[in-house]
Amino acid sequence: MPDLTRGPVLAGIVGTAAPLALANLLQQGYLLVDSAVVGRYVGVTGLAALGAAQPLYAILTSLFTGVSGAFTVRLGHLAGAGRRDDPSALLALAACTAVWSALCAAVAVLAAAPLLALTGVTGEVAAEARTFVVTLCSGMVAVYALGAVCAVLTGRGDVRRATALMIAASVLNALFAWLFVGPWRLGIAGAALAVVASNALTAAVGLTRLVREQRRPRPSGAAAVTVATVLAEVRRGLRIGAPMAVQYLLIGVGVLVLVWIITPFGEEALAALTVVARLELLTSVLFLNLSGALMVFTAQNTGAGRAARVREGVRHSVWLGVVLTAVVSLLLLAGRGPIAALFSGSPGTRMVTERYILITAPFFLCYTLTVVLHGWFNGTARTVVPLICTVASLGVVRLPLSYVLGHAWGVDGIMWATVIGWAVGLGCTLLAGRPESGW
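Cut-offs and rules
- Residues numbered from 1 in each chain as written.
- Predicted model: local features only at pLDDT ≥ 70, side-chain atom pairs only at ≥ 80, totals over all residues.
- Heavy atoms only, no water.
- Helix = DSSP H or I, 4+ residues; strand = E, 2+ residues; numbered from the N terminus.
- Buried < 20%, exposed > 50% of the residue type's maximum accessible area, 1.4 Å probe, protein only.
- Contact = heavy atoms within 4.5 Å.
- Areas by Shrake-Rupley, 256 points an atom, 1.4 Å probe, with all protein chains shown as cover.
- Lys, Arg positive; Asp, Glu negative; His and termini not counted.
- Charge placed at Lys NZ, Arg CZ, Asp CG, Glu CD.
- Axes fitted to C-alpha atoms, helices over the stretch in contact; angles between N-to-C directions.
- Parallel < 35°, antiparallel > 145°, perpendicular 65-115°, else oblique.
- Left-handed = near helix turned anticlockwise from the far one by under 90°.
- Nonpolar A, V, L, I, M, F, W, Y, C, P; charged D, E, K, R; others polar.
- Expected span 1.5 Å × (residues − 1).
- Core = buried A, V, L, I, M, F, W, Y, C linked by side-chain atoms within 4.5 Å.
- Phe/Tyr/Trp six-rings, centres within 6.5 Å; stacked < 30°, edge-to-face > 60°.

Q: Would you take a moment to explain the overall build of the protein chain for this structure?
A: Broken down by element type, the protein chain carries 15 helices and 0 strands. Along the first, second and third principal axes, the C-alpha atoms of the protein chain reach 65 × 50 × 35 Å. Classification of the 439 residues of the protein chain by burial places 55% in the buried group. Nonlocal contacts in the protein chain, meaning residues at least 24 apart in sequence, comprise 83% of its contacts between residues at least 6 apart. For the protein chain, the computed accessible surface area is about 17700 Å², with 70% contributed by carbon and sulfur atoms. Looking at charge distribution, the protein chain has the averaged site of its 29 positive side-chain charges lying 10 Å from that of its 16 negative ones.

Next up, the structure:
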């Protein structure tokens, strides 16, 4: 397994980020295929339902996303300190995965309809959105199991195997989505079942391999595994992951509020929100994975006590982020027409999607630099900093401005609120990092 505490810094970061970016591009490609399939076979109502369901899903998965990220950091620290195969952290992650999977399914069944009602989504769109969320969360243990396996592999620096599993899941996702929604006519429930089935198959493969590896003899002198050591790792993971979980929760709630703000503008605008959200996920994949690579790199080198190497990694990551942002932004601007037409035949939905790209793409650098630098903070276990920056960017600025500017300027006002929120998030991040980095 790769050791990120040695060798060229940039090569280590890129070598970690590139495979993950490829895998996640394919994952986001599945989401785009999913949207296109639902849009074509189910129609605008189905596409709008996906947009309404997305924040509910984000809210329900926010805690586990934070916890799995925390265990990635923790396993990176252990790897840097020469304790790569410590089983206590693995058992702690397994316990958190099982507990939250059950809670997520229960909350989805009980809370999906009330939460949708709060957004103002009603009628067939609300019914379809609830069907999607409940179906998906009923099989959430498969989704979380794959996430846990990938968190373990990534924290150890074994990104190639994590990439292989994510690529396999993405390919199966796309295949099953077309099969279930198209020929089998299962509607929006088929899109959710495709996620569950593909993740279950790939998680089973990954878990089998991990269990086989853990059966190897442990080094002499290794600490004994007890209930107390596992509970200690659970507490440590929750302490690191709680701010990350709250951050993801705020993002999910924020998107839910945006659905409430956009709903009065009509079904076409809500469908456009679905397309825009999927595009944001796709375009941010490179930077989220660069951030994830920097997080693992920072975690391993922090565990090894190599502070100067961490600072060098941050500088390389920032400059790489700047170059990649310029390329992505230009491609979005140049191809905004065909991109919008890919998802919907509705002129209104296409117009809103194109307008969003035109307004936000020139300012995408604010978002990408924020994301990359948050990987540095998370890798040092200072997960409160990204949380504070997210609260300022999303809660204090973007959501209130979306409501105010939306009433004043319509959908364009909501788009400009996004840009302003990104700028505030970057400003907070730079201020938080300046004392240590010397910026």
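Q: Is there a simple way to explain the side chain of Asn378 in this structure?
A: Locating Asn378 in the fold gives a position in helix α13 (residues 364-379). Asn378 has contacts with Val73, Met244, Met295, Thr383 and Pro386, leaving out every residue within four places of it along the chain.

Q: Help me understand the environment of Leu210 in this model?
A: Mapping Leu210 onto the fold places it in helix α7 (residues 187-214). As for Leu210 and Leu90, which are separated by 120 residues in sequence, their C-alpha atoms are 9.8 Å apart. Excluding residues that lie within four positions of it along the chain, Leu210 makes contacts with Val149, Val152, Leu153, Arg156 and Arg161.

Q: Mind showing me how you'd approach the packing of helix α10 (residues 307-334) against α13 here?
A: Axes are the key here: two packed helices are described by the angle between their axes and the distance separating the axes. It is at 9 Å that the axes of α10 and α13 come closest, and there the two elements cross at 155°. One finds that α10 runs roughly antiparallel with respect to α13. Between α10 and α13 lies a crossing whose hand is right-handed. Contacts between α10 and α13 involve Val310, Val314, Ser317, Val318, Val322, Thr325, Val328 and Ser329 from the first element and Phe364, Leu365, Thr368, Leu369, Val372, Leu373 and Trp376 from the second. Here the residues of the contact of α10 with α13 are counted per class, giving 11 nonpolar, 4 polar and no charged.

Q: Is there a simple way to think about the environment of Pro347 in this case?
A: Tracing the backbone through its elements, the reader meets Pro347 in helix α12 (residues 347-360). Here the alpha-carbon distance between Pro347 and Ala81, two residues 266 residues apart in the chain, equals 57 Å.

Q: Explanation requested: helix α5 (residues 140-155) in the structure shown.
A: Since the α-helix advances by 3.6 residues per turn, residues separated by three or four positions end up pointing in the same direction. An ideal rise of 1.5 Å per residue puts 22 Å on 16 residues; α5 measures up with 22 Å between its terminal C-alpha atoms. Gly157 occupies a position one or two residues after α5 and carries a positive phi of about 90°.

Q: How should I be thinking about the nonpolar core in this particular structure?
A: One broad trend across soluble globular proteins is that nonpolar side chains are buried collectively. Counting 71 residues, the largest nonpolar core has Phe132 and Val133 as the members making the most contacts within it. Sorting elements by how many residues they give to this core places helix α2 (residues 44-80) first, with 13 residues. Those residues within four positions of Phe132 in sequence are excluded, and the remaining contacts are Leu50, Ala53, Ile188, Ala191 and Ala192.

Q: Whenever I open this one, unusual backbone geometry confuses me. Can you help?
A: Excluding glycine, a negative phi dihedral is what most residues carry, and trans is how most peptide bonds are arranged. Even without a glycine there, the phi angle at Arg185 is positive, about 55°. Structurally, Arg185 can be placed in the loop between α6 (159-181) and α7. Positive phi is not limited to glycine here, since Ala381 has a value of about 70°. If you trace the backbone, Ala381 turns up in the loop between α13 and α14 (384-409).

Q: What is the right way to look at the environment of Ala169 in this model?
A: Here Ala169 is to be found in helix α6. Each C-alpha atom of the pair Ala169 and Pro400 lies 38 Å from the other, and the pair is 231 residues apart in sequence. Once you skip the residues sitting within four places of it in the chain, Ala169 turns out to touch Leu146, Ser198 and Thr202.

Q: Explain α13 to me, please; I cannot follow it from the model alone.
A: For α13, with 16 residues, the first-to-last C-alpha span of 23 Å sits near the 22 Å given by 1.5 Å per residue. Across the 16 residues of α13, 14 count as buried, placing the element largely inside the fold. A positive phi of about 70° marks Ala381, the residue just after α13.

Q: Just to check I follow, could you spell out the packing of aromatic side chains for this structure?
A: Two numbers describe a pair of aromatic rings. These are the distance of the centres and the angle of the planes. Summed over the entire model, instances satisfying the criterion amount to 9 aromatic pairs. With centroids separated by 5.5 Å and ring planes inclined at 5°, the aromatic side chains of Phe176 and Phe180 adopt a geometry described as stacked. Residue Phe176 and its partner Phe180 are located together in helix α6, separated by 4 residues, close to a single helical turn. The residues Phe176 and Phe180 share a single accessibility class, namely buried. Each residue in the set Phe287, Phe364, Tyr367 and Trp422 is aromatic and connected to the rest through ring pairs, giving one cluster.

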